[in-house]
Each structure stands twice: as C-alpha cells, then as structure tokens.
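Analysis of the macromolecular model
Read off the chains here:
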Amino acid sequence: MSDKKSKGQARMDALSYEKKNYFECASKKERKEMFAYAEGYKAFLDAAKTEREACAAAVAMAEAAGFAEFRFGDALAAGDKRYFVNRGKSVVVFRVGSEDLEAHGMRILAAHIDAPRLDIKQNPLYEEAGLCFLKTHYYGGIKKYQWTAIPLALHGAVVLQDGTKVDIRVGEDPKDPVFYIDDLLPHLGAEQMAGKAGKIIEGEQLNVVVGGLPYPDEDVNKKIKLTVLDILHKKYGMNEEDFLSAELSAVPAYPARDVGFDRSLIGAYGHDDRVCAYPALTAVLGGESKHTVLAILADKEEIGSEGTTGMQCKVYEDLMEEICTALGASFRKVRFASKCLSSDVTAAYDPNFASVYERMNSAMLSCGTCMSKFTGARGKSGSNDASAEFVGEVRRKFAEEGVVWQAAELGKVDAGGGGTVAKFLANLNIDTVDLGVPVISMHAPWELVSKADLYSNYRAFLAFIK
Ligand code: MN
Ligand code: MN
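Residues numbered from 1 in each chain as written. Chains lettered and ligands numbered in written order. Predicted model: local features only at pLDDT ≥ 70, side-chain atom pairs only at ≥ 80, totals over all residues. Heavy atoms only, no water.

Focus on the sheet that holds strand E12 (residues 265-268)
Here three strands make up an open sheet; going across it, the order is E11-E12-E22 and the pairing antiparallel. With one partner strand each, in any of the chains shown, strand E11 (257-259) and strand E22 (447-450) form the two edges of the open sheet. Pairs of neighbouring strands in the sheet enclose a mean axial angle of 35 degrees, with direction left out of account. Across four bridges, E12 lies against E22 in antiparallel orientation. Bridging across to E22, Ile266 finds its partner in Val449. Here helix H3 (residues 28-47) sits on the sheet and contacts E11 and E12; the angle it forms with E12, its principal contact strand, is near 5 degrees. Here helix H13 (residues 451-465) sits on the sheet and contacts E11, E12 and E22; the angle it forms with E22, its principal contact strand, is near 65 degrees. (Pairing = 2+ DSSP bridges. Helix = DSSP H or I, 4+ residues; strand = E, 2+ residues; numbered from the N terminus. Axes fitted to C-alpha atoms, helices over the stretch in contact; angles between N-to-C directions. Contact = heavy atoms within 4.5 Å.)

Okay, structure coming up:
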C-alpha cells in the first residue's frame, strides 16, 4: 500500500459530496470563536424567555451597538442604524446600506422569538385540597407530559384596571420561588401509563401550583387563594379581576447550560427559534454590508404567525415600504430585488429515534446550519419551495466565505414536516429560503443544540448580508 490515492479514489473525492462536522474542520481560532459566541447566546437565552423579553433584550443590544428607534415617517440616510419595535413583542433591527436600494434590494434575516409554553388562562386562580393553582392553555405544539414535575417560572405582563402595566418575572433568580405542575405517582399510574402518550396528561390537567399557605382568618372560605391574592396585590397591585387583562406564561425555570464533558452542546428552553434570532440580530448589529440589511424578529410563529405581531401582519411590509419611501426608492422594485433567509430551527437526526428520519436528507448535529429548500408536510404542502437558482446563489456566497453548512428536510417524507415564516416573505415577491440550526428534542422544555451549528448559522448570515 502506498500513501498515494488510487486514481479511482481521487476521482471519487473530486466528484462526490459528503457533509462535514464543523468542529472537526474548523481552525483552532474558529473553534475558540464558536465557544466564545455561545456565551453571549446563553446570556441572551436567560434574559429572553418570552417574546416580550426577547424584544427588550434585542433593543438593549441594538442600543448598545449605536442603533436608535425608528418611527414611521422618520428620514433615513446611508449608514443609519435603527430598530423598530412592534407592540413590545416583535422587533426589526436594520442598517441602511450605501448600495442602490432599487438595484440591489434588501438583505433580510427573519426569525421568531416566541416559543412553546403554558399560558395562564384569563380566569385561572382556584384552591383545592390544600393547594392553590393557576389554570393554563398551552401555546404551540408540546408533548404535554413533558411539562409536569419540573420547576417553572412565571413571566409576563398584567394591565391593571387603571391602565398601569406591570411586568412579572418570578422563578429565574436562585432566591425566587418556582412553580410546579404535578404528575401521578407510578404506584397509582398503571392505568395512566397504559394510555396514549398524548392523553396521559390532558390540557386541563396542566394546572400550575402557586401556593399552599392558608390566610390566618377563620372566617374566610378559600384561605390559600386569599394568601396568593394578598401577595399578588402587595407585590404587583393586582386583584383577581386583573388576570382578565394579563399575559402570563409558565416557562421552564432552568437556565441555559453547557451539555457534555467537552461542553460542545447547549441545553436550554427556547432554542426554537432564539438560536436563529440571536445570530440574525448579532449579524445585523455587527456584520459588514453595503446593502440595506434587516433582522426581523417576529412573534406568534408557533401558533401560525397570526395577529398584529406575527409574520403575516402587514406591519413588516409597511415598515419595509416606509424604509423605501424614506430613501426615495420604489418598494415594488426593492422587494423584487431583495433576498431573504428565513431562519428557523430544523430537526437534528436523532439516533435514538432513527425510524422517523431519512438519514441522507436529515440535518446531522454539528455539520453546520441547515438549509431546507422546502419545508411543509404531506407532499411539501404549505411550503415556500425555494428555486434552484436562488439556492445556487446562496450556496456560492457560502462557498466564497467558507461557511460550513448542510441541506436537509425535517424527517421522512410521510413522517411529518412543519411550517416557517418563509412563505410570508416569499409572498411579498422576495426570494427566500429556509436556513436554521438543527435541534434535538425540539419543543421540549429543554432543547439541545450544538455550538458549532449556532456559530455556523451566524457565519452564514454574515456571508449572506455581505
Ligand atoms: Mn421555530
Ligand atoms: Mn417551533
């Protein structure tokens, strides 16, 4: 055997394609950058467990980077760095480029900042059998049984009768109390465990324990409920009726943590889709570009991108039109020339559940951010199917900038699928393709990603907007 490759092997290497593990092919310097970048991301995750908090964290980061608030009607000029807040729940951060807007269009990075969780109902509070509970209605696609017997935090806002808005965030500081949803002990769980997994915990059983101390007054009927109401009134000035105009969510109280002896992975609540939102944000805040670049961080993706803060709302289109008007450009021409990466997570191939994946077209962990030419379910239904021309263009950009990335679908052809915000941008006549980080245990209270894929996503965005 000689060290020289055989002619056939050399030919095979020249012609064939295989995914690469980004940790393996990164330089020492790049690997250091990956781990350093992950620290900023983990801090963002801990600050941003709801869309409101993610919006506020993004604004704080934008202001620290010299971005100022934009309001409809403001003048704009090349070099301007601005952000636009939509109702405190979604935010668009943008930089005006020097390149001709009508000729070159905008470069758009779109991600979402809402995540599956348990929303508190409008008439939630009750006492029973020594405990006080809040009733919930889950938000987004969850496996309900995963949300029991874990520490939960309460986040959100209450609008009091007089119009005052009070922010609530309990359960994140180690000194805070946390909240809890009970599950049945195995000793009595034989019948429960014989049931279907989707039914072993029902929606109406997802009631959050918030108290257990009776109010010291013999004459009161619901003493524990009164203790909780008394605390809520003293701390937040709220009465029971104020739950009617509240948006409170129970989310896992865990902070983001490194996973593995080698610290190569990050476990956290809400990677979907903050693992794409954070790179989009940081790329626009600090990346180089001659183009006008936007990071759209939208709300409500998990329930269909509806409402005034979801991607289907006209506000994003209106904002883009405002930017064009302020720069004296035709929005119609600009959007035709614009390009977008719709950035949402995809399912990483999970060897413990191999049967639902088609290995060749699955996102492999640590092989970089994943492009999905199409998403959808049951025959690409509901998908923005990006053109080969546009995919080719993005691919060339990534190659020029040395981005390690991969292409995949979410699971087997008939196994499932999913939707993203891509089609709503494409509907505006903007070339769009999906690109996002592979996630293990997506939509679980604690999800897993690779630091290599997080950094690859950031590098891909930098290349795309350049
Ligand atoms: Mn998502
Ligand atoms: Mn999701």
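Topic: the coordination of the manganese ion (ligand 1)
Those protein atoms acting as donors to the manganese ion (ligand 1) are His112 (NE2), Asp272 (OD), Asp344 (OD) and Asp344 (OD), and they sit at 2.1 to 2.6 Å. Each donor residue of the manganese ion (ligand 1) lies on the same chain, and together they follow the pattern H-x159-D-x71-D. The distance between the manganese ion (ligand 1) and the manganese ion (ligand 2) comes to 3.3 Å, with Asp272 serving as a donor to both metals. Linking Asp272 in helix H8 (residues 271-286) with Asp344 in the loop between strand E14 (339-342) and strand E15 (346-347), this pair joins segments that are 72 residues apart in sequence. The residues Asp272 and Asp344 share a single accessibility class, namely buried. (Donors = N, O, S within 2.8 Å, 3.2 Å for Na, K, Ca; no water. Buried < 20%, exposed > 50% of the residue type's maximum accessible area, 1.4 Å probe, protein only.)

Description of H3
With 20 residues, H3 should cover 28 Å at 1.5 Å per step; its first-to-last C-alpha distance of 30 Å lies within 8% of that length. On its buried face, H3 sits against helix H2 (22-25), helix H4 (51-64), E11, E12, H8 and H13. (Expected span 1.5 Å × (residues − 1).)

Remarks on the side chain of Asp299
Along the chain, Asp299 turns up in the loop between strand E13 (292-298) and helix H9 (315-326). With relative accessibility at 0%, the residue Asp299 sits in the buried group. Discounting chain neighbours no more than four positions away, the residues touching Asp299 are Glu51, Lys89, Ser90, Asp114, Tyr139, Ser305, Thr309, Gly310, Met311 and Tyr316.

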